[in-house]
Amino acid sequence: MDVQDSPRKSYWRCSKQDFFPEPSFKDLSSYRTALSQICLRLKDRLLSRSTETHELVTLRRESENPMKKCLTWWDLMWMSFGSVVGSGIFVITGQEARENAGPAIVLSYALSGFSALLSVFCYTEFAVEIPVAGGSFSYLRVELGDFIAYLAAGNILLEAVIGAAGLGRSWSSYFASMINTKNPDFMRIKIDSFADGFNLLDPLAVVVLLVANSIAMSGTKRTSFLNWIASIATAFIIVFIIVVGLIHFKSSNLVPYFPKGAEGVFVAAAVVYWAYTGFDMVATMAEETKNPSRDIPIGLVGSMSIITVVYCLMALALTGMVKYTEIDPNAAFSVAFAQIGMKWATYLVSICALKGMTTSLMVGSLGQGRYTTQIARSHMIPPWFARVHPKTGTPIYATLLTTILSAIVAFFTSLDVLSSVFSISTLLIFMLLAVALLVRRYYVKDVISKNDSVTFFVCLFTIAGSSIGVTALWNSGVRGWIGYVVASVIWCSGTLGISLLHMNRVPKVWGVPLVPWLPSLSILMNVFLLGSLGYVAFLRFIICSAVMILYYLVVGVHATYDVAHHNPKETEGIGYGGSLKCGSALCLVICGLKAESVDHMIGASQTDLQYIATPSVLTLIEMVDDLCCLLDPGEWEMPTVLL
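Everything quoted here is computed from the prediction, not taken from an experiment.

**Q** I'd like to hear about the overall build of the protein chain, residue by residue, with values.
**A** Looking only at helices and strands, one finds 27 helices and two strands in the protein chain. When each of the 643 residues of the protein chain is scored for burial, the buried share is 57%. Contacts in the protein chain between residues at least 24 apart in sequence constitute 84% of all its contacts with a sequence separation of at least 6. Summing over all exposed atoms, the protein chain offers an accessible surface of approximately 25,600 Å²; the carbon and sulfur share of this is 68%.

In structure tokens, the structure reads:
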């Protein structure tokens, strides 16, 4: 029976079976049996790795409806701009310039920007090779295994919730500063009985989050268009901010340049890394991109290079206009213009900040929803959240989950509490992604020799250990050059050791240059920035991670184990034999479809193909398979490797 002839289920259904369809949760007895096997199941999950085909084809069935391929390089470029610019530069620049880096906040942005660009390279290669909505979650699941991917998934959700909550709080601060520059908290409700950092309730932040996320749920292309219009306006105002800031620049405001020394620069760099985190949301849009291999590199690498320069110029303009001790930590740029006598420009800057943060919220909501969708597709959270609405083509349930959680956090929690936790989560994921890239290039199972395998992991641990060593030396206050030289030599030795190994996988379309040196440097910089954060941030992070692991032991490990060891019935497909045949695949290659895309289509059912092929390709497949039915099937059987 054709898929189109089967009765369509209601999108809005909700039952226990929709949330927990796995056999382990069928009844109390089944759950007890699952708990008794937890050691066996945990071992299975720790050692398992997903495949590209599983992520690209099999898991998409959980969404029931495909996401619409509607984005081009132009959309991705402005999405990257809209998501990144506003997610940090207007939020924490003033806070870190005043409390840690001083005028050297420019160097903090340059350092974080370089580190972010290294991560961008890693993201781009993965997004081109595995164009799926899961982003870093899917990449880590394929290369580092199920459990590591789960920890990343938990941190991704934490990042999504905290990032959106922080933007919501900042939005309300800037809006309030337009009305009352002396008190950006005057629209918040203070509860004296609550602890500091949680005692200023912010209903306006909740409203902003609900509106922005509602737009994102209404449609991807519509959100992209609105983001494009708003981002162009923001770009013009940013040019104005930089020009006016440089005109009113006073060199005396840059003295002292390092009020808290190099330590202050690195501490600020670890926190302002938040300003660059929006780029990973663009990678999650790969499933809805028409040509990922061309559009994603342009959208990520090109836009992030420009954004790094823009951030440094904006930070320089801010610290040149106003002495760092007089910068407002909540609405830095807006109040700075008022202090130099351009009160009218305060409103223009605040409007720019509000637009930037609004587009960050909209694009961030798109990315957060896609992350959550792929996590739900894997059953690490209930698959109910993986469903894509048939009309909008968006994951409404997944978006609602992050919206509600972020609204609750934004209602209670102040910005300084949010930013440090967010930075740890982000830096950890970026470090793991660099490790995953090295694993992808060199450690190919059943291909790499045993000796090379041992050498690779020894070198990888050497890189990680030397990175931790450099960080420990710096944080302990040691400034002698001997320790750093020794640690650097060890780091170089580990990286050189990997470079001498045979690279068992070469990227098909776009790859990170200078492997393994750039990924290894990314590991070093992310570990160093992690070490620059305070112990309180790590304590909060450890508590959150403990909760994630507890959930995994109680629910996640059993759900994913059931999915991995469950053999569903073969779905009836199209043409001869119910799936895409090699004859069709050969014709697709002849017609210009890339061979790596065809590899994922071989053996795919009609249900699967609607997620990975465009309508024109589907029509071609049906025509060729109809022709195959009239011929001897044996004539069309050919090894897939020939493709």
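Following the structure, the description resumes.
**Q** So, the side chain of Ser303: which residues are in play, and what are the values?
**A** With respect to the helices and strands, Ser303 occurs in helix H14 (residues 292–321). Polar side-chain contacts of Ser303 include one of 3.3 Å to the backbone oxygen of Leu300. Once you skip the residues sitting within four places of it in the chain, Ser303 turns out to touch Met77, Ser80 and Ile298.

**Q** Report on the environment of Tyr347, specifying residues and quantitative values.
**A** Examined against the element boundaries, Tyr347 turns out to sit in helix H16 (residues 343–377). On a C-alpha basis, the gap between Tyr347 and Val335 in space is 9.7 Å, while along the polypeptide they are twelve residues apart.

**Q** How would you sum up unusual backbone geometry? Please name residues and give values.
**A** Cis geometry marks the peptide bond from Val255 to Pro256, where omega comes out at -5°. In this fold, Pro256 is placed in the loop between helix H11 (220–247) and helix H12 (261–272). The residue after Val515, namely Pro516, is reached through a cis peptide bond having omega 10°. Within the fold, Pro516 resides in the loop between helix H20 (481–499) and helix H21 (517–531).

**Q** So, the nonpolar core: which residues are in play, and what are the values?
**A** Judged by nonpolar contacts, the single largest core of 162 residues is most densely connected at Tyr109 and Tyr123. Take this core: its biggest share by element is 15 residues, from helix H9 (residues 146–179).

**Q** Would you mind going over the packing of H11 against H16 in detail, with residue names and values included?
**A** Relative orientation of the contacting elements H11 and H16 amounts to 145°, with a least axis distance of 9 Å. Every pair of crossing elements has a handedness; the one defined by H11 and H16 is left-handed. From H11, Thr220, Thr223, Leu226, Asn227, Ala230, Ser231, Ala233, Thr234, Ile237, Ile238, Phe240 and Ile241 reach across to H16, where they touch Trp344, Ala345, Leu348, Val349, Cys352, Lys355, Gly356, Thr359, Met362, Val363, Leu366 and Arg370. In terms of residue class, the contact of H11 with H16 is made up of 15 nonpolar, seven polar and two charged.

**Q** Account for the pattern of salt bridges, with residues named and values stated.
**A** This model, assessed by the stated rule, comprises 21 salt bridges. For Arg440, the salt bridge is made with Glu52, and the minimal N-O distance between the two is 2.7 Å. Placement of Arg440 in helix H18 (residues 415–442) and of Glu52 in helix H4 (residues 52–58) is noted, with a sequence separation of 388 residues between them. Classification of Arg440 by relative accessible area gives buried; the value is 1%. In this structure, the salt-bridge partner of Arg370 is Glu288, at a minimum N-O distance of 2.8 Å. Here Glu288 lies in the loop between helix H13 (279–283) and H14 and Arg370 lies in helix H16, a separation of 82 residues in the sequence. You'll find Arg370 and Glu288 in the same group, each marked buried. Residues joined by salt bridges that share partners form a network here, namely Asp44, Arg45, Glu55, Arg141 and Asp146.

**Q** Tell me about a nonpolar patch on the surface, residues and numbers included.
**A** Judged by side-chain polarity, Phe194, Phe198, Leu400, Ile404, Ile408 and Phe412 come together as a nonpolar surface patch covering roughly 500 Å² of accessible area. With respect to the secondary-structure elements, Ile404 resides in helix H17 (residues 396–412).

**Q** For the packing of helix H15 (residues 332–339) against H16, give the residues involved together with the corresponding values.
**A** The angle between the axes and the distance between the axes are what describe a pair of packed helices. Put simply, H15 and H16 touch, their axes get as near as 7 Å, and they point 165° apart. For the element pair H15 / H16, the angle class is roughly antiparallel. The element H15 and its partner H16 pack so that their crossing is right-handed. Note on element contacts: H16 touches H15 through Lys343, Ala345, Thr346, Val349 and Ser350, opposite Phe333, Ser334, Phe337 and Ala338.

**Q** So what's going on with the packing of aromatic side chains? Which residues, and what values?
**A** Evaluation of the coordinates by the stated rule reveals 37 aromatic pairs. Relative to Trp228, the ring of Phe225 has its centre 5.7 Å away and its plane inclined at 55°; by these criteria the two rings are tilted. On the criterion of helical spacing, the pair formed by Phe225 and Trp228 is a turn pair, its members being three residues apart in helix H11. Note on Phe225: relative accessible area 47%, which makes it partly exposed. When the centroid spacing of 5.0 Å and the interplanar angle of 80° are considered together, the rings of Tyr257 and Phe258 count as edge-to-face. Site record: aromatic cluster; members linked through ring pairs are Tyr11, Trp12, Phe19, Trp384, Phe385 and Tyr397.

The rules behind each value
In this convention, every chain numbers its residues from 1, walking through the sequence in written order. Reporting in this predicted model follows two pLDDT cut-offs: at least 70 for local features of residues, and 80 or more for side-chain atom pairs to be given and counted; totals over whole chains, interfaces and linings ignore these cut-offs and use all residues. Side-chain numbers come from the whole structure's heavy atoms, not from hydrogens or water. By definition, any uninterrupted DSSP run of H or I lasting at least four residues is a helix, any uninterrupted run of E lasting at least two residues is a strand, and each is numbered from the N terminus. Each residue gets one of three labels from its accessible area relative to the maximum for its type: buried under 20%, exposed over 50%, partly exposed in between, using a 1.4 Å probe on protein chains only. Contact definition: two residues touch when any of their heavy atoms are within 4.5 Å. Residue exposure ignores everything except the shown protein chains as possible cover, and the areas themselves are Shrake-Rupley values with a 1.4 Å probe. As used in this structure description, the phrase polar contact means that two N or O atoms lie within 3.5 Å; if the pair is within protein, one of them must be able to donate a hydrogen and the other to accept it, and residues adjacent in sequence are counted only when both atoms belong to side chains. To form a nonpolar core, buried Ala, Val, Leu, Ile, Met, Phe, Trp, Tyr and Cys residues must be joined to one another through side-chain atoms within 4.5 Å. Fitted lines through C-alpha atoms serve as axes, helices being fitted only where they are in contact, and the angles separating the N-to-C directions of these axes extend from 0 to 180 degrees. Handedness of a helix crossing follows the sense of rotation of the near helix relative to the far helix, less than a right angle counterclockwise being left-handed and clockwise being right-handed. Gly falls in the polar group here, along with every residue not listed as nonpolar (Ala, Val, Leu, Ile, Met, Phe, Trp, Tyr, Cys, Pro) or charged (Asp, Glu, Lys, Arg). Here a salt bridge means any side-chain nitrogen of Lys or Arg lying within 4 Å of a carboxyl oxygen belonging to Asp or Glu. Two joining distances apply to patches: 9 Å for like charges and 5 Å for nonpolar side chains (Val, Leu, Ile, Met, Phe, Trp, Tyr), and every residue must have over 30% relative accessible area and no salt bridge. When describing relative orientation, an angle under 35 degrees is termed roughly parallel and one over 145 degrees roughly antiparallel, while 65 to 115 degrees is termed roughly perpendicular and anything else oblique. Only Phe, Tyr and Trp rings are paired, with Trp represented by its six-membered ring, and only when their centres lie within 6.5 Å; those with planes under 30 degrees apart are stacked, over 60 edge-to-face, the remainder tilted.

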